[in-house]
Amino acid sequence: MQLENIAQNKVHDGWHKRYRHAASSTQCPMTFAIYLPPQASKDTPVPVVYWLSGLTCTDENFMQKAGAFKRAAELGIAIVAPDTSPRGEDVADDKDYDLGQGAGFYVNATQAPWNKHYNMYDYVVNELPELIETHFPVTQQRALAGHSMGGHGALVIGLTASERYSSVSAFSPIANPIACPWGQKAFSAYLGGAEEDWYQYDAVRLLSRASDILPMRIDQGLSDPFLDEQLGIEKLERALAPFNHKATVHRHAGYDHSYFFISSFIDAHLTFHADYFNR
Ligand SMILES: N[C@@H](CCC(=O)N[C@@H](CSC=O)C(=O)NCC(=O)O)C(=O)O
């Protein structure tokens with residue numbers, strides 16, 4: 001598969017690089033960014049944290065705003081940030097920021113017109129890691145992290161494809177999308193009107209049927225304007241209760257939903273994932 005390098009920047013002795021490639025799961029060109037720490041070489045491949053971004057984001061928001069490179073370089077961890085949806089003139093879209101391009105919700109859509117390109121679950125779980133592991137000096141050790149819609153993606157993928165990852169973390173995740181406006185709007189469009197078809201993409205629902213989970217870390221700002229209506233953090237904490245030896249929820253007074261919050265705690269998330277890579 002052809003990878004087109006579209007940007008590169010040296011940072012903290014490693015490299016941030018952006019690539020475009022033709023993706024079979026989404027049937028369109030996709031863009032992703034990768035940070036390769038200074039340790040990464042053919043002789044010393046490094047593990048990878050996959051970062052899943054939130055609504056309206058591309059591969060660039062996290063890389064430019066999270067301030068993750070210094071700690072990733074110290075720990076010898078690569079970070080891969082995919083786009084949040086398929087994109088292009090031929091790709092279905094919506095006028096609202098919370099549906100269509102920039103709002104893929106990490107599902108495989110079943111409903112027209114979305115089902116032609118919106119297969120972000122397959123892209124993130126299968127196609128992208130295969131590409132990364134073929135073209136870059138990385139191991140098959142993988143972790144998931146994400147924010148808001150991407151926190152939802154990280155939790156759901158960590159619960160449904162757990163054998164592929166060693167740990168999961170999320171900032172301000174949409175934890176119970178079947179019960180909030182963002183999730184209900186997206187799932188009705190992408191998956192249709194039958195609520196049973198949504199359950200496979202709802203972290204709280206998946207946890208209610210789980211017998212074991214990956215190690216998880218969740219961080220939530222208490223001045224987040226989306227906390228009450230969209231995120232469902234209390235329901236998530238209740239659903240995690242049977243697994244409280246494996247999952248921690250950290251609440252932070254004064255922090256909002258933005259990358260200011262993410263940049264304040266990203267080091268702790270990377271350190272958390274490094275701990276499980278090293279076991
Ligand atoms: N109305 C806002 C909503 C967009 C927003 O807040 N996006 C967040 C993720 S929200 C859940 O997935 C985000 O990460 N934005 C990008 C950023 O760089 O901050 C709007 O349209 O701005």
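Just so we're clear, the structure is a prediction, and the values are computed from it rather than from any experiment.

The rules we used
Residues numbered from 1 in each chain as written. Predicted model: local features only at pLDDT ≥ 70, side-chain atom pairs only at ≥ 80, totals over all residues. Heavy atoms only, no water. Helix = DSSP H or I, 4+ residues; strand = E, 2+ residues; numbered from the N terminus. Rg over C-alpha atoms; globule rule 2.2 N^0.38 Å. Buried < 20%, exposed > 50% of the residue type's maximum accessible area, 1.4 Å probe, protein only. Contact = heavy atoms within 4.5 Å. Areas by Shrake-Rupley, 256 points an atom, 1.4 Å probe, with all protein chains shown as cover. Lys, Arg positive; Asp, Glu negative; His and termini not counted. Charge placed at Lys NZ, Arg CZ, Asp CG, Glu CD. Near = heavy atom within 4 Å. Polar contact = N/O pair within 3.5 Å; in protein donor to acceptor, adjacent residues only side chain to side chain. Nonpolar A, V, L, I, M, F, W, Y, C, P; charged D, E, K, R; others polar. Pairing = 2+ DSSP bridges. Axes fitted to C-alpha atoms, helices over the stretch in contact; angles between N-to-C directions. pLDDT = per-residue confidence, 0-100.

## Focus: the overall build of the protein chain
Along the protein chain, the regular secondary structure elements total nine helices and nine strands. Expected size for 279 residues packed as a compact globule is a radius of gyration near 19 Å; at 17 Å, the protein chain falls within 12% of this value. Taken along the three principal axes of its C-alpha coordinates, the protein chain extends 50 × 45 × 35 Å. Residues classed as buried in the protein chain amount to 58% of the 279 residues present. For the protein chain, the share of sequence-separated contacts (at least 6 apart) that also reach a separation of at least 24 residues comes to 71%. Just so you have it, the protein chain exposes about 11500 Å², and 47% of that area is on carbon and sulfur atoms. In the protein chain, which carries 22 positive and 32 negative side-chain charges, the distance between the mean positions of the two groups comes to 4 Å.

## Section: the site of the ligand
In the vicinity of the ligand lie 14 residues, with Leu 55, Asn 61, Lys 65, Ser 148 and Met 149 positioned nearest. Backbone polar atom of Met 149 to an oxygen atom of the ligand: 3.0 Å apart, as the coordinates give it. Protein contacts shield 72% of the accessible area of the ligand, which totals 540 Å² for the unbound molecule. For the shell around the ligand, the per-class residue count stands at seven nonpolar, six polar and one charged.

## What about the sheet that holds strand E6 (residues 138-147)?
In space, the nine strands of this open sheet follow the order E1-E2-E3-E5-E4-E6-E7-E8-E9, with mixed pairing throughout. Unpaired on one side and paired on the other, strand E1 (3-11) and strand E9 (247-252) mark the two borders of the sheet. In this sheet, neighbouring strand axes are inclined to one another by 20° on average, regardless of whether the strands run parallel or antiparallel. As judged from the four bridges shared by E6 and strand E7 (residues 168-171), these two strands associate in the parallel manner. Its bridge partner lying in E7, Leu 144 is registered against Val 168.

## Some words on the confidence of the model for the protein chain
When pLDDT is averaged along the protein chain, the result is 98; 100% of the residues meet or exceed 70. Interface confidence for the predicted complex, given as ipTM, is 0.93, next to a pTM of 0.98.

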